[in-house]
Amino acid sequence: MLLATAAAGCGASATTPTPTPPPDPGAPSLTCPAAFMTQAPGDITVTYPAPTVTSGFAPITGPTCTPSSGSTFSTGTSTVNCTVSDAKQRTSACTFTVTIALPPKLAVERFLAFGDSMTWGENGTDSLSGSSTTAIQRPAVQFPVSQTYPGVLQADLRGRYVSQSPTVSNGGKPSEAVTDPNTYTRYTGLISSGSFESVLIMDGANDLGDRDASIEPSMIAVLKRMIDDAKNRGMRPVLGTLPPQNPNGCCPDRGLGWSLVPGYNDRLRDLANSEGVPLADVYQNFNGDTTSLIGPDGLHPTAAGYDRIASTFAAAIRSAFETAAITPSLKRSLCGSTLARCNGRSR
């Protein structure tokens, strides 16, 4: 502290303290927020957090950013420039980017999900009565439409492709077998309507219920015919493998084909490869989980199982038909901690 001398009465002198200036904390330092990324169909207003200021001799002026928070940003990547200054006219600056990406789009929007009771969405729990050892079948009971795999898939696609309105029509029919001639007739009736651009085929569980592997070539022949017919009509087919079955289910006539499912799925993979069509590998994505993803009847998926089927088809559709994919860095920004979910379901 500095002392100053001042005259005092009667010839005496006195000293008064002079305040010591505060220590100089150093020049200001400015840290910008992380790059901001989102997707939108056009220009949008973006609000971002203010940069962080450390050090600097008060009073501090700023920080000031251009364009300012709350401004309208156009599609593409824009650079935001920020500055700050202190009382000694020392400055600091930083920059960050704001990226507005157009939402992804699909080359096809109208899907038909074709198959048996798994496509239809049979609830293997509600279609049973009695104890776990004496259960008998009642007429098939369908999950709410929003919980069937076509219903979940449609919601997922609409959540991702926000500039479009994809539809997934449920063409499932309980108890239907691939090798039943009426199945192909029903199939051609649906795809010849002109209402669909893509058909999602997951079928065959009822044929395998007879536990006779010799029927598999006939099944594959019908599925090949279905795929070729769709192609000839200008449609884009997607082939799905079957989910696993639980041989320890409650009902004696459900889940009987469990041992044939892996081999049949191998044939389906070969068929998809030879026909050059996308494969939704449901079996692989179930990862052997017949506890939480397959219901007590040992055959039909639970709600979580149908969700898994939907996410598998969503991934195949995204890979095959998406025409404006977002970048990996943008995906990480949009999905955050749910990146795994984004990868599996569009959602």
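Basis of the calculations
Residues numbered from 1 in each chain as written. Predicted model: local features only at pLDDT ≥ 70, side-chain atom pairs only at ≥ 80, totals over all residues. Heavy atoms only, no water. Axes fitted to C-alpha atoms, helices over the stretch in contact; angles between N-to-C directions. Helix = DSSP H or I, 4+ residues; strand = E, 2+ residues; numbered from the N terminus. Parallel < 35°, antiparallel > 145°, perpendicular 65-115°, else oblique. Left-handed = near helix turned anticlockwise from the far one by under 90°. Contact = heavy atoms within 4.5 Å. Nonpolar A, V, L, I, M, F, W, Y, C, P; charged D, E, K, R; others polar. Buried < 20%, exposed > 50% of the residue type's maximum accessible area, 1.4 Å probe, protein only. Polar contact = N/O pair within 3.5 Å; in protein donor to acceptor, adjacent residues only side chain to side chain. Disulfide = S-S within 2.5 Å. Pairing = 2+ DSSP bridges. Phe/Tyr/Trp six-rings, centres within 6.5 Å; stacked < 30°, edge-to-face > 60°. Lys NZ or Arg CZ within 6 Å of the ring centre and 35° of its normal.

Peer 1: Sorry, what's going on with the packing of helix α3 (residues 181-191) against helix α5 (residues 216-232) here?
Peer 2: One can describe the packing of α3 onto α5 by two numbers: an axis separation of 11 Å at closest approach and a directional angle of 15°. Regarding the angle of α3 to α5, the classification is roughly parallel. For the crossing formed where α3 meets α5, the hand is right-handed. Contact residues: T183, Y184, Y187, T188 and I191 in α3; R225, M226, I227, D229 and A230 in α5. Taken together, the residues that form the contact of α3 with α5 break down as six nonpolar, two polar and two charged.

Peer 1: Looking at this structure, how should I read the side chain of H300?
Peer 2: Along the chain, H300 turns up in the loop between α7 (282-286) and α8 (303-321). Assessed through its relative accessible area of 1%, H300 is described here as buried. A distance of 2.7 Å separates the side chain of H300 from the side chain of S117, its partner in a polar contact. Once residues within four sequence positions are removed from consideration, H300 is found in contact with S117, M118, E122, G124, R254, I294, G295 and Y306.

Peer 1: Just checking my understanding: could you explain the state of the cysteines for this structure?
Peer 2: Covalent bonding between the sulfur atoms of two cysteines is what defines a disulfide. Under the criterion given, the structure shown has two disulfides. Across the disulfide, C32 is cross-linked to C94 (sulfur-sulfur distance 2.0 Å). Of note, the bridge from C32 to C94 carries an S-S torsion of about 80° and is right-handed in sense. Of this pair, C32 sits in the loop between β3 (29-31) and β4 (36-39) while C94 sits in strand β10 (residues 91-101); the two residues are 62 residues apart in sequence, bridging distant segments of the chain. We note that C32, like C94, is buried. For C65, the disulfide goes to C82, at an S-S distance of 2.1 Å. Residues C65 and C82 are joined by a disulfide whose S-S torsion is about 110°; by sign, that bridge is right-handed. Placement of the pair is C65 in strand β7 (residues 61-66) and C82 in strand β9 (residues 76-85), with a sequence separation of 17 residues.

Peer 1: So what exactly am I meant to see when it comes to the sheet that holds strand β16 (residues 236-240) here?
Peer 2: Sheet strands associate in pairs through backbone hydrogen bonding, adopting either a parallel or an antiparallel arrangement. What the five strands build is an open sheet, ordered β14-β11-β15-β16-β17; its pairing is parallel. Looking at which strands have only one partner, the edges of the open sheet turn out to be β14 (167-172) and β17 (279-280). Alignment of β16 against β17, held across two bridges, turns out to be parallel. What sits directly across from L239, in β17, is L279. Helix-sheet contacts for helix α2 (residues 149-160) involve β11 (110-115), β14 and β15 (198-202), and the interaxial angle to β14 is about 170°.

Peer 1: Sorry, what's going on with the packing of aromatic side chains here?
Peer 2: By convention here, two paired aromatic rings are described through the distance between centres and the angle between planes. The full count for this structure, using the stated rule, is six aromatic pairs. On the basis of an interplanar angle of 75° and a centroid distance of 5.0 Å, the ring pair of Y48 and F96 is categorised as edge-to-face. Within this pair, whereas Y48 is found in the loop between β5 (44-46) and β6 (52-54), its partner F96 is found in strand β10, the two being separated by 48 residues in sequence. One exposure class covers both Y48 and F96, and it is buried. Each member of the aromatic cluster is reached from another via a ring pair, and the members are F114, Y184 and Y187. Above the ring of F57, the side-chain terminus of K88 is found at 4.8 Å from the ring centroid. Geometry around Y184 places R225 over its ring, the cationic atom sitting 3.8 Å from the centre.

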